[in-house]
Amino acid sequence: RSMKTFPPSSKRSFCRVIESRHSGTEIPALPGCLTIRSLQSGLFPLPNDRRHTMALTITPGTTTRTLIRGEAGDIELLIDAPKEAMQGIAVVGHPHPMQGGTADHKVPHQLARELTAHGFLAVRPNFRGVGGTQGEHDAGVGETNDMLAVVDHLREQYPDLPLALAGFSFGAFVAALASVQLAER
């Protein structure tokens, strides 16, 4: 593995781009990002149990809302598609739900806009107890499991695209925890 770090644009934002199946693919260097490349195939194996999936039409330039199954119930996803060809997938976490944070917060929304401008499908899950997501706040443990469920769901649909995890405040904490667990799989 090789790592390249970029100067952070904000001490409270986090982005990690992981390349697992493309050799030679260029991933845009976004401010505040840590990029990790691995040419090992199978870095992100999917679990045998499948969450339910829905037939979904995603219109570039708009936000689509849908639900997937997580361990505590439904997880609401806000999906933003790039206008050009998809270059990768990104999961963006929001600020602390006990302090009013949601996937509609302006910072995760702006992160999603920047990621879609760079060709990423940006998915903003609402954490437990927020919006249409079921369950109760779990201090980052359950939220990390939910983010991993979102990653698994996206990997099933887009197995060959690079993956980015990003977040703001509590969402950055959850993204960091999820990235550690993904690296250990």
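Data block above holds the structure.
Below, the structure is looked at part by part.

Criteria and cut-off values
Residues numbered from 1 in each chain as written. Predicted model: local features only at pLDDT ≥ 70, side-chain atom pairs only at ≥ 80, totals over all residues. Heavy atoms only, no water. Helix = DSSP H or I, 4+ residues; strand = E, 2+ residues; numbered from the N terminus. Buried < 20%, exposed > 50% of the residue type's maximum accessible area, 1.4 Å probe, protein only. Contact = heavy atoms within 4.5 Å. 1 Å grid on protein atoms, 1.4 Å probe; cavity = no way out; pocket = protein on both sides within 12 Å on 5 of 7 lines; lining within 4 Å. Points joined across faces, edges and corners; volume = space filled by probe spheres on them. Nonpolar A, V, L, I, M, F, W, Y, C, P; charged D, E, K, R; others polar. Core = buried A, V, L, I, M, F, W, Y, C linked by side-chain atoms within 4.5 Å.

A count of helical and extended segments in the chain gives three helices and eight strands. Secondary structure elements of the chain, listed N to C terminal, follow the sequence β-β-β-β-β-β-α-β-α-β-α. The buried share of the chain, reckoned over its 185 residues, is 48%. Here the analysis covers contacts within the chain between residues at least 6 apart in sequence; of these, 66% occur between residues at least 24 apart.

Here Thr116 shows up in helix H1 (residues 106-117). Residue classification places Thr116 among the buried positions, given a relative accessible area of 16%. Discounting chain neighbours no more than four positions away, the residues touching Thr116 are Asp80, Ala81, Pro82 and Ala122.

With that settled, consider the layout of surface pockets. Taking a probe equal in size to a water molecule and rolling it over the atoms shows the remaining empty space. There is about 150 Å³ of room inside the second largest pocket. Surrounding the second largest pocket, Gly61, Thr62, Thr63, Asp80, Ala81, His109, Ala112, Arg113, Thr116 and Ala117 form its lining. Ranked by residue count, the leading element in the lining of the second largest pocket is H1, at five residues. In terms of residue class, the lining of the second largest pocket is built from three nonpolar, five polar and two charged.

Another aspect to go through is the environment of Val107. Its location among the elements puts Val107 in helix H1. Between the alpha carbons of Val107 and Phe168 there is a distance of 6.8 Å; along the sequence they are 61 residues apart.

A few words on the environment of Glu114. You can see Glu114 is positioned in helix H1. On the basis of relative accessibility, which here comes to 40%, the residue Glu114 falls in the partly exposed class. Separated by 32 residues in the primary sequence, Glu114 and Pro82 place their C-alpha atoms 9.8 Å from one another.

On to the nonpolar core, then. If you look at the biggest cluster of nonpolar residues, it comprises 24 residues, and the most contacted ones within it are Met147, Val150 and Leu165. At the level of secondary structure, the elements contributing two or more residues to this core comprise strand S5 (73-80), strand S6 (88-93), strand S7 (120-125), helix H2 (141-157), strand S8 (163-168) and helix H3 (170-184). Ranked by residues supplied to this core, first place goes to H2 with six residues. For Met147, the residues in contact, after removing those within four places along its chain, are Val91, Gly93, Phe127, Leu165, Val174, Ala175 and Ala178. One finds Ala90, Ala112, Leu115 and Ala166 within the second-largest nonpolar core, a separate group that totals eight residues.

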